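Coordinate inspection notes
Read off the chains here:
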Amino acid sequence: AVRNSGGNVIKIVRESAGSGFGVVAAYWDGRDDTGSVIEGIYDFVVTLSDTAGNMDEAGLGGIVVDITPPAVEITAPLEGGVFENIVEIHGIIGDPNFKSYKVGCSKNYAPLTGEDGRPLSGNISSIVLSETNIPADNLLGTWHTVMSSVGKYYIVVMAEDKAGNFALKTVP
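Residues numbered from 1 in each chain as written. Predicted model: local features only at pLDDT ≥ 70, side-chain atom pairs only at ≥ 80, totals over all residues. Heavy atoms only, no water.

Quick look at the sheet that holds strand 5 (residues 71-76) now. A sheet is described by the order of its strands in space; here 3 strands give the open sequence 5-6-9, paired in antiparallel fashion. A strand with exactly one partner marks an edge of an open sheet, and here the two such strands are strand 5 and strand 9 (139-144). Taken pair by pair, the neighbouring strands of this sheet meet at an average axis angle of 25°, ignoring direction. Relative to strand 9, strand 6 (residues 86-94) runs antiparallel, the two sharing 5 bridges. Residue His 90 lies in a different strand from strand 9, and its bridge partner there is Leu 139. (Pairing = 2+ DSSP bridges. Helix = DSSP H or I, 4+ residues; strand = E, 2+ residues; numbered from the N terminus. Axes fitted to C-alpha atoms, helices over the stretch in contact; angles between N-to-C directions.)

Here is the structure:
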């Protein structure tokens, strides 16, 4: 069974009767008995019983269901700025299950996505930084423009959480 943080059973995963020893596999798709996916922390509990009526319970706790993408905001530079030499890219990334982020810059960037809806980083000409920690000072990366040709560029920030949810923000 799967229990929510209140201890209530939200899904019976498998009921079986049998005899002897063996390995039993169980799978849970993150949905409750109504078919809804509700974010939260769940416990996966296995209850065993024998023919004499003895019962025991074991559980795996802390299963996180997360369907919300990270929050991403670029706070500097602002749209339309003109820059030389070094550009500090500031922003805010928030997600309780944060995994990583990338900061990039691209001339003629178009936010292309693949069939799965994930952003294609291949159309970003330069990855400035790829990081697995959110900086406390909100400095997401530094772009050294000396090697870049003159023109309009887009700054791109992509963030992903441990559940595979992602967010993409751009500043032209």
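Residues at a pLDDT of 70 or more form 80% of the protein chain, whose mean pLDDT is 79. Taking the mean pLDDT of every element in the protein chain, the minimum, 64, falls on strand 8 (residues 126-131) and the maximum, 94, on strand 5. (pLDDT = per-residue confidence, 0-100.)

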